[in-house]
Each structure stands twice: as structure tokens, then as C-alpha cells.
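Remarks on the overall topology
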Amino acid sequence: MPCGQQESGAAAPPARYVLGVDVGSTVVKCHVYDRAAAIRGSSCRKVESLYPRPGWVELDPEVLWSQFVGVIKDAVQAAGLHMRQIAGLGISTQRATFITWHKRTGKPFHNFISWQDLRSVELVNSWNKSLLLKVIHVIFTVLHFLTGNDRYLAPSFLTFSTQQTSMKLSWVFKNIHEAEEAAKKNNCCFGTVDTWLLYRLTKGSVYATDYSNASATGVFEPFTKCWNPTLCNLLSIPMSIYPPVKDTSFNFGSADSEIFGVPIPIMAVVADQQSAMFGECCFHPGDVKLTMGTGGFWNVNTGEHLFASRGDLYPLIGWKIGEEVVYLTEGCMSDIGTAIRWAQDINLFTNVDETEKMARSIVDSQGVCFVPGFQVSVNDPYLCASFMGLKPSTTRNHLVRAILESVAFRNKQLYDIIVKKVRIPLQTIRADGGVSNNSFVMQMTSDLINKKIEKPANADMSSLGAAFLAGLASGFWTDKEQLKKLRRIEAVFEPQKDSEEYKPAMDTWLQAMKRSLHQ
């Protein structure tokens with residue numbers, strides 16, 4: 001019998017499960033959760049990125065759509081359930097990956113442009129060196145000095161990056177004539193992955209995003225909670241293209257019954273890092289979440305206060321549920337899982353589970369350092385990934401240990417920045433993501449920051465967070481206190497070595513990082 005259908009005349013079974021789907025950079029996953037937040041069925045499909053030109057990273061919207069629908073059907077089938085038993089669907093998505101399409105026809109003007117895409121690098125460098133940006137810095141520095149309002153702090157040191165949506169969107173309207181013409185006639189729609197999926201699930205009847213996804217684009221002003229007209233005017237992006245912004249945990253309508261056989265309520269859409277934060281139950285100011293997946297992300301719950309910081313940290317909206325708006329401060333690192341996967345691709349090891357044993361089989365990396373840099377840096381486009389300190393005695397074990405150590409060292413760097421700049425006492429640190437399964441990285445990070453780190457039983461926190469948010473909106477779960485009781489911790493890593501013991505190795509690594517920069 002096809003998934004989601006029942007025998008004629010059979011009574012509909014009660015809705016006792018929620019779906020959490022995570023559309024990530026490398027995979028699309030769906031988990032079916034019961035009321036105890038236990039996984040009853042799962043499905044996973046690999047995301048195939050397209051590289052039409054050097055530095056360009058795209059996703060085919062039709063392929064992504066079919067993968068999304070496929071994992072939902074497969075997961076429900078794997079759980080041995082009917083679609084009618086699903087109380088709600090929560091969708092977590094990679095952030096800042098976007099598409100534009102024609103409002104009347106629904107036809108995309110281009111593929112999804114990934115957050116990893118570098119086509120705007122020249123535009124970014126041009127703007128960051130421009131006199132106009134320097135003038136903007138001066139104006140907002142003065143305004144911040146006169147008012148003391150943090151709203152003016154972020155623009156006072158505004159710099160653009162290739163990961164932000166804003167510059168790539170500007171590139172679209174400069175280079176894709178059809179999108180530019182449609183925008184002039186108010187016929188162009190912009191959407192991040194969540195918006196496109198909502199639009200497709202409802203056959204065009206729902207056009208929306210949520211606050212967490214909007215705030216991650218770099219075009220949405222988190223202080224005013226509006227799309228930023230000043231920035232859009234500056235970059236010649238029409239304001240008419242943006243979707244309405246809704247609560248994160250919210251009834252967005254139902255998936256069209258033709259897709260799954262029954263209309264499934266869509267009860268939450270959320271950006272992946274914010275979703276992982278919610279899945280980890282980091283509900284209180286000072287709670288910290290460390291995700292180590294394709295990239296690495298440190299997030300701190302700053303409660304109702306939005307902290308703008310110079311440089312390495314940036315403010316985001318975590319989630320909005322009714323009147324509650326929770327803000328986060330985030331710092332990120334590229335090339336965490338990417339570097340480990342690359343090492344596997346070149347046969348440094350066969351199975352990722354081997355890396356921990358390989359790293360522990362030697363006392364140190366013998367002075368070998370790994371410099372991450374698979375993604376072009378805006379500040380240094382010449383930076384590339386490299387090993388330094390190679391010797392005739394260097395083995396695969398040394399190379400693998402150097403890669404894992406670089407993850408822990410970068411965690412230490414970002415943690416120190418957070419401690420220095422975030423004016424909130426830090427509480428529990430909770431880790432998730434695929435690399436959190438590596439106890440060598442986890443223990444070394446705990447030693448370096450001298451803090452206890454909790455690791456959940458299931459590392460797929462983005463899926464769980466989306467399910468939690470959907471469950472709250474549908475009444476499947478009652479409140480956040482109930483969610484906290486559902487958390488299951490698999491391991492706790494406590495400091496075992498003095499961080500000073502790592503100082504020589506970290507100093508060597510910092511020197512290697514410095515040498516690799518273009519001078």
C-alpha cells in the first residue's frame with residue numbers, strides 16, 4: 001500500500017507523532033518522533049551540490065524538492081506509520097541559501113545559490129574598500145556615541161561577506177535580466193530554502209519565512225525586526241521581493257493532500273543553527289550551543305537583549321513564539337566537517353570512526369599543523385588549506401591528529417572571544433553535529449576551555465529542534481519545561497588536563513595560521 005494511504009473505510013489512527021526535517025548543506029534528513037522524543041523512523045538523502053563555475057555553489061530546486069518529499073515518505077514508512085498519524089511537520093533549513101522566482105508562474109530565475117557560493121567575492125571586496133562604506137561607518141559611530149543605542153553599533157563596523165545573502169542578491173539583479181525585469185513589475189519572489197519549500201508544499205498558497213531564517217540573511221534588521229530598506233537601497237535590491245515574516249512555531253497551513261495523500265500541518269520553520277539551539281533546550285540566557293558539522297557554530301542565548309559586537313560575533317534572532325523573542329550571539333568557523341570529509345576522500349582513513357583512535361595512538365602531531373581554508377576568505381582570498389611542519393617521519397596518524405587538533409584550537413579561539421565580548425555569565429555548554437561524536441575533539445575542547453561539555457544521545461539536534469517547535473505549535477507537547485525533561489545526555493566531557501599543557505602545540509598552530517595568511 002502506498003505510504004500515507006489506508007484501506008477504504010478504516011478509521012483514522014490518532015496523530016501521535018511529529019516530523020522533524022533538516023535540509024542541510026550535505027544531507028536532507030527526516031526523523032519521526034513520538035511523545036517521548038524518541039526516533040521511530042528515519043530517512044536520509046545526500047544533497048548534491050552543483051559547481052557550474054569555479055567558486056560557484058548551487059542546488060537544483062527540483063532535485064532538492066524531490067529529496068525533501070522523498071525523505072518524509074521514507075521516514076514515515078520506515079516507522080510503519082500512516083501519514084494521518086502525523087500531528088505536525090517542523091522544517092529546519094540551511095541558512096542564507098536562496099532562490100528567486102516569478103510570482104505568477106512559480107518558475108525559478110536560477111538555481112538555489114548556496115551560502116557557500118563565492119560569485120560575489122569581487123562585489124564584496126569592492127564594497128568593503130569603498131569610500132561610501134567608510135562614510136557609513138563614521139555616521140553610525142557618531143550616532144552610537146551620541147545615543148548609546150546598540151542599534152547603531154552594528155552598522156558602524158558593517159562589512160560584507162560572501163556568506164551573506166545581500167551581496168549575492170545584488171549580483172542576481174545585476175546579472176539575471178529576467179529577475180530584474182520581474183522585480184520592476186512586482187513579480188519577483190525571494191526565498192530562502194524554507195520559503196521555497198513552504199511555497200511548494202502549499203502549491204503557492206503560502207509565501208512566508210520565519211524570524212530565525214530572515215535574521216540570518218544579513219538583509220533583515222534584528223533590532224527593528226524588519227527587512228532593511230537602507231541596505232536594500234544601497235545595494236539596489238527592490239523591497240517588493242521579500243516574503244512576510246512569521247513566528248517560528250506557527251501554523252503555516254497544511255501540505256497539499258496530493259503530495260502525501262493527506263494534508264499534513266506545517267507547524268514550524270526554523271534556521272538550522274537556531275533549531276539546534278532549541279533542540280538542545282538552550283532556553284535560558286547564558287546557555288551555549290556548539291555545533292560541529294560542515295562548519296562550526298558557537299551560539300549563546302542572550303535572552304531579550306540583542307548584542308551587537310565588533311568583528312567575530314554577530315546577533316541573530318533565535319526564535320519568536322507569540323510575544324517571546326529570543327536573541328542569540330553567534331560565532332562561526334568554516335571547514336570543520338569539510339576538512340574531515342576531504343581527509344577521508346584522499347584515503348587518510350576509511351571510516352570516520354577511526355580518526356579518534358588514530359589521533360590517540362600518538363602523543364602529539366609531531367609539530368604538524370593543519371591550516372583550514374577550503375573556502376576563500378574575503379579578507380584573504382589567497383588563503384588555502386595546507387599542512388605545515390611535515391617531516392619524513394610524518395604518518396597518516398599525525399595528519400589526522402593535526403586536523404582534529406585544529407578543530408579544538410579554533411573552538412578555543414571562539415570561546416575566548418565569546419567570554420570577552422558577551423556580557424552574560426555562560427552556563428551549560430551543549431554540543432551537537434557529526435563531529436561531536438569524536439571524543440578526541442570533545443575532550444580536547446573541554447580541556448582547552450576548562451568547561452564541562454554535554455553531548456546529547458542524538459547528535460541531529462536541528463531535526464529535533466524543528467520537531468519540538470512544531471510539537472509546541474500543534475499542542476503535541478505543552479511547554480518548554482516538558483521538552484527539558486525529554487533531553488537525553490549520552491556523555492559529559494569534563495576537563496582532564498590543564499589548558500597550559502596545550503600551549504606549545506597551540507602556539508605552533510597559531511604561527512602556522514599566521515604564516516599562511518597573504519602578507
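Residues numbered from 1 in each chain as written. Predicted model: local features only at pLDDT ≥ 70, side-chain atom pairs only at ≥ 80, totals over all residues. Heavy atoms only, no water.

Looking up the chain in an unreviewed UniProt entry gives the name Glycerol kinase 5, with the organism given as Burhinus bistriatus. Recorded in UniProt under Function (unreviewed entry), the annotation for the chain is "Skin-specific kinase that plays a key role in glycerol metabolism, catalyzing its phosphorylation to produce sn-glycerol 3-phosphate. Involved in skin-specific regulation of sterol regulatory element-binding protein (SREBP) processing and lipid biosynthesis." (UniProt positions renumbered as here; feature names shortened; annotations may be inferred.)

Attention shifts here to the sheet that holds strand β13 (residues 266-271). In spatial order, the strands read β3-β2-β1-β5-β13; together these 5 strands make up an open sheet with mixed pairing. Of all strands in the sheet, those bounded by a partner on one side alone are β3 (39-46) and β13. Within this sheet the neighbouring strands show an average axis-to-axis angle of 15 degrees, counted without direction. Across 6 bridges, the pairing between strand β1 (residues 17-23) and strand β2 (residues 27-33) is antiparallel. Following the sheet pairing, Val 21 is matched in β2 by Cys 30. Where helix α1 (residues 61-78) meets the sheet, its contacts fall on β1, β2, β3 and β5 (86-93), and the angle it forms with β3 comes to roughly 155 degrees. Seen against the sheet, helix α11 (residues 272-279) touches β1, β5 and β13 and runs at an angle of roughly 110 degrees to β13. (Pairing = 2+ DSSP bridges. Helix = DSSP H or I, 4+ residues; strand = E, 2+ residues; numbered from the N terminus. Axes fitted to C-alpha atoms, helices over the stretch in contact; angles between N-to-C directions. Contact = heavy atoms within 4.5 Å.)

End to end, α1 covers 25 Å across 18 residues, agreeing with the expected 26 Å (1.5 Å per residue, within 8%). By the burial criterion, the buried members of α1 are Pro 61, Leu 64, Trp 65, Gln 67, Phe 68, Val 69, Gly 70, Val 71, Ile 72, Ala 75 and Val 76. Where α1 begins, one side-chain oxygen reaches toward the backbone nitrogen of Glu 62, 2.9 Å away; that side chain belongs to Asp 60. Just past α1, the residue Gly 80 takes up positive phi, approximately 70 degrees. (Expected span 1.5 Å × (residues − 1). Buried < 20%, exposed > 50% of the residue type's maximum accessible area, 1.4 Å probe, protein only. Polar contact = N/O pair within 3.5 Å; in protein donor to acceptor, adjacent residues only side chain to side chain.)

Right, let's talk about the nonpolar core for a bit. Counting 49 residues, the largest nonpolar core has Met 292 and Trp 298 as its most contacted members. Element by element, the count of residues in this core is highest for helix α14 (residues 396-421), at 11 residues. Ignoring any residue separated from it by four or fewer positions in sequence, one finds Met 292 in contact with Ile 336, Val 407, Asn 411, Asp 432, Gly 433, Gly 434, Val 435, Ser 436, Val 441 and Met 442. Of all hydrophobic cores here, the second largest spans 43 residues; its members include Val 28, Val 32, Val 71 and Ile 86. (Core = buried A, V, L, I, M, F, W, Y, C linked by side-chain atoms within 4.5 Å.)

Moving on, we come to the packing of aromatic side chains. Per the counting criterion, the structure on display carries 24 aromatic pairs. When the ring of Trp 101 is compared with that of Tyr 207, the centres are 5.8 Å apart and the planes differ by 85 degrees; the resulting orientation is edge-to-face. In this pair, Trp 101 sits in strand β6 (residues 98-102) while Tyr 207 sits in the loop between α7 (193-201) and β9 (209-210), placing the two residues 106 residues apart along the sequence. A relative accessible area of 0% means that Trp 101 is categorised as buried. When the centroid spacing of 6.4 Å and the interplanar angle of 25 degrees are considered together, the rings of Trp 342 and Phe 370 count as stacked. Taken together, the residues Trp 342 in helix α12 (residues 337-345) and Phe 370 in strand β18 (residues 369-371) connect sequence positions 28 residues apart. Three or more aromatic residues link up through ring pairs in this structure, and these residues are Phe 98, Phe 190, Tyr 211, Phe 220, Trp 227 and Tyr 242. A cation over a ring is seen here: Arg 119 above Trp 56, with NZ or CZ 3.8 Å from the ring centre. (Phe/Tyr/Trp six-rings, centres within 6.5 Å; stacked < 30°, edge-to-face > 60°. Lys NZ or Arg CZ within 6 Å of the ring centre and 35° of its normal.)

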